[in-house]
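Breakdown of the fold
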Amino acid sequence: RVIVPTVAPDNTICDGNLKNTFCPLDSATAWAYTYKIAGVVQSITPYISVTDSATYGSYAFAMLVDASSLVDTMVTYLREDTTSHDIISYNVGAAQEYLEVPNAPTIGQSWTIPGSLSKKVTNLSADLHTTNCWYTNLLEISVFSGNTIIYKYYYKRGFGLVCKKDVLHDKNYSVSSVHFR
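Now for a quick tour of the structure. (Residues numbered from 1 in each chain as written. Predicted model: local features only at pLDDT ≥ 70, side-chain atom pairs only at ≥ 80, totals over all residues. Heavy atoms only, no water.)

1. Looking at the overall build of the protein chain
Here is the rule: A run of DSSP states H or I qualifies as a helix once it reaches four residues; a run of E qualifies as a strand once it reaches two. Both are numbered from the N-terminal end. In this setup the radius of gyration rests on C-alpha atoms only. A globule is expected at 2.2 Å times the number of residues raised to 0.38. Residue exposure (1.4 Å probe, protein chains only): buried if accessible area is under 20% of the type maximum, exposed if over 50%, otherwise partly exposed. In this analysis, two residues are considered to be in contact whenever any of their non-hydrogen atoms come within 4.5 Å of each other. Values of accessible area rely on a 1.4 Å probe in the Shrake-Rupley scheme; residue burial ignores everything except the protein chains shown. His is not counted, nor are the chain ends, whereas Lys and Arg count as positive and Asp and Glu as negative. Working definition for charges: the position is that of NZ of Lys, CZ of Arg, CG of Asp or CD of Glu.
Counting its regular elements, the protein chain contains one helix and 13 strands. Computed over the C-alpha atoms, the radius of gyration of the protein chain is 17 Å, within 12% of the 16 Å expected from 2.2 N^0.38 for a compact globule of 181 residues. The buried share of the protein chain, reckoned over its 181 residues, is 43%. Residue pairs in contact within the protein chain that sit at least 24 positions apart in sequence constitute 39% of those at least 6 positions apart. Element-wise, carbon and sulfur atoms account for 51% of the exposed surface of the protein chain, whose accessible area totals about 9,700 Å². Averaged over its 13 positive side-chain charges, the protein chain has a centre that lies 5 Å from the centre of its 15 negative ones.

Pasting the structure below:
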């Protein structure tokens, strides 16, 4: 006798919410990450959640909170541009917006960000294996200080940030669970 499950398995950890954005910004969306230093899993679990919104200029930005400040600063402000659908960040300290993730990235596309850094699209179809999934076709954005890569970010459409690699310090933050509203 074959038993057929009545509920489809939850594949959101691998598939995301199937939205056509590199960073779902719905309130109550949350990502937890496994944190490794030199390949060794650390006891802390960084957790980023969309908790609120704030208005800067005439735009409402989703407020992403990382209480650990390990994956990102404690609070990051992001919005999706209504025309280009790029993900835009607001830097409170510099009182300026900048591109976080392009919606239609092209290989080699680059831009500057506060702190004398630059970002560059370095791969449009990166593969990445985590504890839970084998991700394919990820967008890889590298952060440079001069000519030195200091971070690599991996994004999946409908999912958000899958992994951040701190290249200089051999630290890795890969998604371990996700909740979409």
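2. Notes on the nonpolar core
The following threshold applies: Working definition of a nonpolar core: buried Ala, Val, Leu, Ile, Met, Phe, Trp, Tyr and Cys residues. They are joined through side-chain atoms within 4.5 Å.
In terms of nonpolar packing, the biggest core is built from 41 residues, with Trp 31 and Phe 159 touching the most fellow members. Sorting elements by how many residues they give to this core places strand E10 (residues 134-145) first, with five residues. If you look at the next biggest cluster of nonpolar residues, it comprises five residues, including Ala 54, Met 63, Tyr 77 and Tyr 90.

The quantities given are spatial measurements derived from coordinates; they are silent on function.
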